[in-house]
Every structure is written in C-alpha cells, then in structure tokens.
Amino acid sequence: MELVCPAGTPAALRAAVEAGAHAVYCGFADETNARNFPGLNFSRAELAAGVAFAHARHAKVLVAINTFPRAGEQTLWHRAVADAAAAGADAVILADPGLLAHAVEHHPGLRLHLSVQAAAANPDAINLYAEAFGVRRVVLPRVLTVAEIAAITREVTVETEVFVFGGLCVMAEGRCSLSSWATGLSPNMNGVCSPASHVAYADVAGRNEARLGGYLIHRTAKEAPVPYPTLCKGCFSAPDGRGGGQTGHIFEDPASLDATRLIPALARAGVRALKIEGRQRSRAYVAQVVRTFRAAVDAAASGAPMPDSLLASLTEGQAATTGAYAKTWR
C-alpha cells in the first residue's frame, strides 16, 4: 500500500520524503486548498522544487485543490490546476465537479483523485465520478467501517485511499458549516477551519475560556490544557441525558485517529493507499509519524506483526481512537 503523507511546508515535504513517504500531498498558499492557514503551503516555485526533490527520491507529489470555487471566481482554481500540472504533480486532489470537468477538458493527461471533501461514500457515487471524469482514486470519508470499505472496494473501478492517523475530521456531516456559521469563513470554500483570527482566550473567574467568533467553546480549570477552539470538538451541555446535563463532547472527542493495528485488515479490504493527516504540523512531527507508519506498512507487506504505535505523545489530547473503522466510536 502507498503511504501518503502531509506536507504543509517545503521543509515538511523534505522530511516526509526522507522518512520514507511513498507520496506527499500539499497545496498552494491560497483558498484553493482546505488547509489555508498563515505560514503554510507552497508558492509555485516551491512546489516545482518540491516535485523535483521528491521525484529524485522516487516519491510522488499530490496537490490538493480541494475547496469549492465560488461563483464568478473560478479562475483562481483553474490556475491552480494548471500550475500543479506544469510543476509535474503526479495527481491533483479535487472535490468540485465543475473543477473536475475543467481538469478533464484542459489537462487530459493529469491524474485525478477525488478528495474526501467530496464525501463520496458509496459505490454509486464513486463510480459516477470515475465514469464522468476519469477519477483514478477516491479518498474515503472517515465514517466507514473496514467491512464497509471492503464492500465498496469490491464494487468500484478506482483505487481507494483511507486515513490512518491524525485529526479525526468528519467532513460529511455538516460540521464544517458550524465553523462557517461562527466565523463567516468556510473550510469548504475559503479553506479555513476555526481561523486563528477569530480565536480568543481569556482568564474568567479563575478559569480559562476559549472562544471562536465570540462563542464560548471551552471552559477549563487553570491547570488543565486549553484545547484549540474547534466547534466540532467543543464542550457543550447535553440535555439528552447522556451526560446528565453536564458538559461533554456531544459531537466528537478531542482524540486522534490511529489505525496502525488495522493496516492488515485494510490491506485485505483492498485499500490502495493510507493517508496521514497533518499539514499544519511541524516537520519533526511529520518525520516521526511517517517513519512509524512506513515501518508498519513494510511489516504488513512482509506479513510481520504490526509494531506497537509509539505516537501517543503526538495525538490530540494524548488520546487515540480507531474511529468508525471498528465501530467502537460513537
């Protein structure tokens, strides 16, 4: 299986390739990718240099152009596809049907991958994208069990890619709309989830409060770590009785996905590529995670036992989950 690794910066790209990534994915420093944060992403020259570096070491570069163009402003997205092709990218990762159609018409030799942002989670949807646009690979949403992935893989004509580590970001259930509602900036159109410009921290009555767009997301004790105020992982009262009316995580716990031990099962399910989330992360983080997963992928290929995960210190909240893969997650 191909190990697809994050590269939020040129330094992270080099670190990922040197640590054993089969492929890296990155984006331009603008609204065309879903990780549009200050200090991240690539200029056109940096992408061309990154592609040359990776190709010299037999690694691939996939360019994420996975936000949805706004009406009347498609030129920015069209230029991103053209520039990725000109830089020698091995594939572009797209979500918008109009942009897929544009890529097919103007860059017929460019390999197309369907982004998780498209939320294609059944064979009919995936095969439609393959037939209409020639998509070669689909990145599956993080809401499927291994058995469901196996069933999908048997019925589709394209490669499947799944997430195995990092933020458990479930984009198919309207949670990105929560951030857009609170801040006015859409992760799906502006590429910014919980933008830092709308984040505020304050000491209130001896407790730490974290707000997003003026809305209280977390209130924690003085000595407790303050999570980044992301709406889908906020602490909210749950009147349905699950928490007895107490504060709890009613959408998603602050935990990271770690599917290391499921790699053999994913291989049997026909998965072609394993994806690591983390384009906001440092090159040191990227190097450590990639080395660990490359060892796991190599072990799976040789039939050796899965190595124990040594990444607990790098997970969100120092907690890990297998998410929906094993049906143990809410």
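Before any of the text, the structure's been laid out above.
In what follows, the accompanying structure is described. (Residues numbered from 1 in each chain as written. Predicted model: local features only at pLDDT ≥ 70, side-chain atom pairs only at ≥ 80, totals over all residues. Heavy atoms only, no water.)

1. A look at the overall build of the protein chain
(1) Moving on: Counting its secondary structure elements, the protein chain contains nine helices and 15 strands.
(2) Moving on: Compactness check: the protein chain gives a C-alpha radius of gyration of 20 Å against a globular reference of 20 Å for 330 residues, within 12% of the reference.
(3) Moving on: Expressed along its principal axes, the backbone C-alpha trace of the protein chain runs to roughly 60 × 50 × 40 Å.
(4) Moving on: Burial statistics for the protein chain: of 330 residues in total, 52% are counted as buried.
(5) Moving on: Sequence-distant contacts in the protein chain: of pairs separated by 6 or more residues, those separated by 24 or more amount to 61%.
(6) Moving on: Of the roughly 14,100 Å² of accessible surface on the protein chain, a fraction of 54% belongs to carbon and sulfur atoms.
(7) Moving on: Distance from the positive charge centre (30 side chains) to the negative charge centre (28 side chains) of the protein chain: 4 Å. (Helix = DSSP H or I, 4+ residues; strand = E, 2+ residues; numbered from the N terminus. Rg over C-alpha atoms; globule rule 2.2 N^0.38 Å. Buried < 20%, exposed > 50% of the residue type's maximum accessible area, 1.4 Å probe, protein only. Contact = heavy atoms within 4.5 Å. Areas by Shrake-Rupley, 256 points an atom, 1.4 Å probe, with all protein chains shown as cover. Lys, Arg positive; Asp, Glu negative; His and termini not counted. Charge placed at Lys NZ, Arg CZ, Asp CG, Glu CD.)

2. Some thoughts on the pairing of strand β10 (residues 215–221)
(1) Moving on: Alignment of strand β9 (residues 207–212) against β10, held across six bridges, turns out to be antiparallel. When the sheet's bridge partners are listed, Ala210 is paired in β10 with His218.
(2) Moving on: Taking the residues that link successive antiparallel strands as the turn, the β9-β10 hairpin has two residues, and the phi of Gly213 there is positive, at about 60°. (Pairing = 2+ DSSP bridges.)

3. As for the packing of helix α3 (residues 74–87) against helix α4 (residues 97–106)
(1) Moving on: Contact geometry for α3 and α4: axes closest at 10 Å, N-to-C directions at 45°. One element, α3, and the other, α4, form an angle in the oblique class. Here α3 runs over α4; the crossing is right-handed. Only Leu99, His102 and Ala103 of α4 make contact with α3, whose side of the interface consists of Trp77, His78 and Val81.
(2) Moving on: Class assignment for the residues of the contact of α3 with α4 results in four nonpolar, two polar and no charged. (Axes fitted to C-alpha atoms, helices over the stretch in contact; angles between N-to-C directions. Parallel < 35°, antiparallel > 145°, perpendicular 65-115°, else oblique. Left-handed = near helix turned anticlockwise from the far one by under 90°. Nonpolar A, V, L, I, M, F, W, Y, C, P; charged D, E, K, R; others polar.)

4. Side note on the pattern of salt bridges
(1) Moving on: Following the criterion strictly, the structure yields 15 salt bridges and no others.
(2) Moving on: A salt bridge links Arg137 to Glu2; the shortest N-O distance between them is 3.0 Å. Within this pair, whereas Arg137 is found in strand β6 (residues 137–139), its partner Glu2 is found in strand β1 (residues 2–6), the two being separated by 135 residues in sequence. The pair formed by Arg137 and Glu2 is uniform in burial state, with each residue classed as buried.
(3) Moving on: Here Arg211 makes a salt bridge to Glu209, at a shortest N to O gap of 3.3 Å.
(4) Moving on: A network of salt bridges, in which partner residues are shared, links Glu2, Lys60, Arg111, Arg137, Glu159, Glu161 and Lys275. (Salt bridge = Lys/Arg side-chain N within 4 Å of Asp/Glu carboxyl O.)

5. Points about a nonpolar patch on the surface
(1) Moving on: Nonpolar side chains collect at one region of the surface, where Tyr201, Val226 and Tyr228 lie side by side and expose about 280 Å² of accessible area between them.
(2) Moving on: Its location among the elements puts Tyr201 in strand β8 (residues 199–204).
(3) Moving on: Exposure remark for Tyr201: the relative accessible area of 48% places this residue in the partly exposed category. (Patch = residues over 30% accessible without salt bridge, like charges linked within 9 Å, V, L, I, M, F, W, Y side chains within 5 Å.)

6. Description of unusual backbone geometry
(1) Moving on: Backbone geometry places His58, a non-glycine residue, at a positive phi of 65°.
(2) Moving on: On the secondary structure map, His58 appears in the loop between α2 (44–56) and β3 (60–65).
(3) Moving on: Looking at His58, the relative accessible area reads 76%, which means it is exposed.

Function cannot be read off these values alone, since they describe shape.
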